Amino acid sequence: MNYDIADAKRAPEGVKRIEWADRDMPTLALIREKFAKSRPLKGMKMSACLHVTAETANLVRTLKAGGADVVLCASNPLSTQDDVAAALVKHYDIPVFARHGIDNKGYYKHLSGALAHKPNVTMDDGADLVTAIITQHKELQKQVVGSMEETTTGVIRLRAMQEDGVLPFPVIAVNDADTKHLFDNRYGTGQSTLDGIIRATGKLIAGQVFVVAGYGWCGRGLASRVRGHGAKVIVTEVDEVKALEAAMDGFQVMPMSEAAKLGDFFCTVTGDMHVIRPEHVKVMKDGAIISNSGHFDIEIDLVGIKKISKKVTKNVRGVDMTQYQLSADKSVYVLADGRLVNLGCAEGHPPSVMDMSFATQALASEWCVKMKGKLDNTVHIPPKSIDKMVASLKLKSMGIKIDTLTPAQKKYLSSWDMGT
Ligand SMILES: NC(=O)c1ccc[n+]([C@@H]2O[C@H](COP(=O)([O-])OP(=O)(O)OC[C@H]3O[C@@H](n4cnc5c(N)ncnc54)[C@H](O)[C@@H]3O)[C@@H](O)[C@H]2O)c1
């Protein structure tokens, strides 16, 4: 078996972590049981590029139970849990190409390692595998039945590929399923981003001014969690409707140029580039903490900030914080080198929310294979039936029952003739 991991001896630690996560992933466990019987992915070679975490381990176990011959590589150099990677290889017999803290060259070597598997189905978190197939591994384009995409930034890239006419196979935008972005992006990112910032800094959030850049699914979740901790929250936006929503939700809304002067903490969750730039950092308070929870490490212009700094000191508190000293009496601190702070400084989303995202991933993979040859080469949203199934299984696992429509209600809701 071909693989590249940091330390195979850490497998027993990883198994414990994977089993702990599995306790909170009952929906995915049910799908795994069903997959083991029906084997919907039998004969499929799958390459997945995801954060190598305990929750992801339970997804790839599910894909394997469904009959897929699956390999995994990391979708981010800082999110890999080396013990989990070791457990997947040594305990679950699943090849992994991932090492925590790998450099850029190693990261792309790992992508190539996963693609050397010659997949029929791919799964991405950020569209890196699809991009590599389009730009470097054209020979794979014909054999790929379809691909699944986990995150907003990946879906944006894939829609741009579709627009340019270069998408070589159908892609399922798992991120756009309700059972993904409504819960994972909002509650998962909300909690784990705050978790990462607290773990990295050890600071109290109450009474501080916390600036959230972007009021999309992730931003809404983060802003409400931070408010729950007693912070005064400022939101920055570029979209009029989202800005209005943030204002009506009770947050202060203003441009970053003004918020920069007020914030103690800053976190970007926009999917956009250079949201925090040198001109903002110049007016920030001494000691401001800057982080990002959007997919790529481009939301904070670190190159520009480095240029205006007198001194840059890495690892000032553990491995996750860099001090940018602007003058004798002013420094700002950047977490996880501007990469996803919830994965760089904490453990990513809690398993009970990834239970839904990855149940949706598993069912979307089954659907993608079932639809082989019937989908055009565009970005598809998973069918509503998948959302309904995942939500009903999750409700069941939470012991929650809901009402059903009476026949009269069903008729009323599908008719137009009954008015006042
Ligand atoms: N940290 C994680 O684990 C995690 C989880 C899910 C998604 N993500 C990533 O987080 C990012 C946001 O995802 P989302 O689902 O919230 O997207 P979204 O599209 O719902 O929201 C993004 C928001 O950012 C705003 N925005 C864009 N440019 C801006 C700028 N310059 N200043 C202020 N606001 C700006 C947009 O108007 C939009 O409202 C994406 O990169 C996504 O891939 C991260």
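Scroll up a little and you will see the structure.
Structure report, in brief. All residue numbers refer to position in the chain's written sequence, counted from 1. Local features in this predicted model are restricted to residues whose pLDDT is 70 or higher, and side-chain atom pairs enter the listing and the counts only when it is 80 or higher, whereas totals over whole chains, interfaces and linings include all residues. With hydrogens and water stripped out, all remaining heavy atoms of the structure feed into the side-chain values.

## A closer look at the packing of aromatic side chains
Stacked, tilted and edge-to-face pairs are distinguished by plane angle, under 30 degrees for stacked and over 60 for edge-to-face with tilted covering the rest, among Phe, Tyr and Trp rings (Trp via its six-membered ring) whose centres lie within 6.5 Å. Summed over the entire model, instances satisfying the criterion amount to four aromatic pairs. Measuring from ring centre to ring centre gives 5.1 Å for Y107 and Y108, while their planes differ by 90°; the resulting arrangement is edge-to-face. Exposed residues in this analysis have more than 50% of their type's maximum accessible area, buried residues have under 20%, and partly exposed residues fall in between, with area computed by a 1.4 Å probe over protein chains only. What makes Y107 buried here is its relative accessible area of 6%. Ring centres of F183 and Y187 lie 6.4 Å apart, and the angle between their planes is 35°; this geometry places the pair in the tilted category. With a gap of four residues between them, F183 and Y187 both fall in helix α8 (residues 178-201), about one helical turn apart. Note on Y187: relative accessible area 34%, which makes it partly exposed. Distance and angle both matter: a charge sits over a ring if NZ of Lys or CZ of Arg is within 6 Å of the ring centre and within 35 degrees of the ring normal. When the ring centre of W217 is taken as reference, the NZ or CZ atom of R220 above it lies at 4.5 Å. We count a stretch as a helix when DSSP gives it H or I for four or more residues in a row; a strand needs E for two or more, and each element gets its number in order from the N terminus.

## Points about the site of the ligand
Put simply, a residue is near a molecule or strand once any heavy atom of it comes within 4 Å of that molecule or strand. Neighbouring residues of the ligand: 27 residues in total, closest T151, T152, T153, E237 and N342. For the purposes of these results, a polar contact is taken to be a pair of N or O atoms within 3.5 Å, where, inside protein, one atom must be able to donate a hydrogen and its partner to accept one; residues adjacent in sequence count only when each atom of the pair is a side-chain atom. Take E237: an N or O atom from its side chain is 2.6 Å from an oxygen atom of the ligand. Within the backbone of S293, one N or O atom sits 2.8 Å away from a nitrogen atom of the ligand. Using a 1.4 Å probe, the Shrake-Rupley method yields the accessible areas, and only the shown protein chains count as cover for residues. Considered on its own, the ligand offers 860 Å² of accessible surface; in the complex 87% of this is hidden by protein. Taken together, the elements giving at least two residues each to the shell around the ligand come down to α7 (152-163), α8 and α9 (217-228). Tallying contributions element by element places α8 first for the shell around the ligand, with three residues. Classes in brief: Ala, Val, Leu, Ile, Met, Phe, Trp, Tyr, Cys and Pro nonpolar; Asp, Glu, Lys and Arg charged; the others, Gly included, polar. Of the residues assigned to the shell around the ligand, the class counts are seven nonpolar, 15 polar and five charged.

## Digging into the sheet that holds strand β11 (residues 265-268)
In this analysis, strands are considered paired if DSSP registers two or more bridges between them. Sheet architecture is open: eight strands sit in the order β10-β9-β8-β11-β12-β15-β14-β13, paired in mixed fashion. One side of each edge strand has no neighbouring strand; the edge strands of this open sheet are β10 (252-253) and β13 (311-313). Direction of pairing for strand β8 (residues 209-213) relative to β11: parallel, over a ladder of four bridges. Bridge pairing in β11 places A213 opposite T268. Contacts are assigned to residue pairs that have any heavy atoms within 4.5 Å of one another. Axis definition: a line fit to C-alpha positions, over the contact stretch in the case of helices; interaxial angles, taken between N-to-C directions, run 0 to 180 degrees. Lying on the sheet, α8 is in contact with β8, β11, β12 (288-292), β14 (321-327) and β15 (330-335); it crosses β11 at an angle near 140°.

## Focus: the pattern of salt bridges
Pairs can form between side chains of opposite charge once their charged atoms are near each other. In what follows, salt bridge is the name for a side-chain nitrogen of Lys or Arg lying within 4 Å of a carboxyl oxygen of Asp or Glu. Tallied over the entire structure, the rule returns 22 salt bridges. Salt-bridge contacts for K384 lead to D178; the nearest nitrogen and oxygen are separated by 3.0 Å. On the criterion of sequence distance, the pair formed by K384 in helix α16 (residues 384-397) and D178 in helix α8 is long-range, its members being 206 residues apart. Using a relative accessible area of 31% as the deciding quantity, one classes D178 as partly exposed.

## Concerning unusual backbone geometry
A positive phi angle is found at H274, which is not glycine, with a value near 50°. What makes H274 partly exposed here is its relative accessible area of 29%. Positive phi outside glycine occurs at A336, with the angle close to 50°. Position of A336 among the secondary structure elements: in the loop between β15 and α14 (341-344).

## Let's talk about the environment of N342
Looking at where N342 falls in the secondary structure, it is placed in helix α14. In this structure the C-alpha to C-alpha distance between N342 and S293, which are 49 residues apart in sequence, comes to 6.5 Å. With residues near it in sequence (within four places) discarded, N342 still touches S192, T193, S293, E347, G348 and H349. Side-chain polar atoms of N342 contact the side chain of S293, separated by 3.5 Å.

## Section: α8
Under the 1.5 Å per step criterion, the end-to-end length of α8 is 33 Å for 24 residues, consistent within 8% with the ideal 34 Å. In this scheme, the bend at a residue equals the angle between the axes fitted to the seven residues that finish there and the seven that begin there. The sharpest bend along α8 measures roughly 35° and falls at D184. Immediately beyond the C-terminal end of α8, within one or two residues, lies G202, with a positive phi of roughly 65°. By this rule the span expected of a helix is its residue count minus one, scaled by 1.5 Å.

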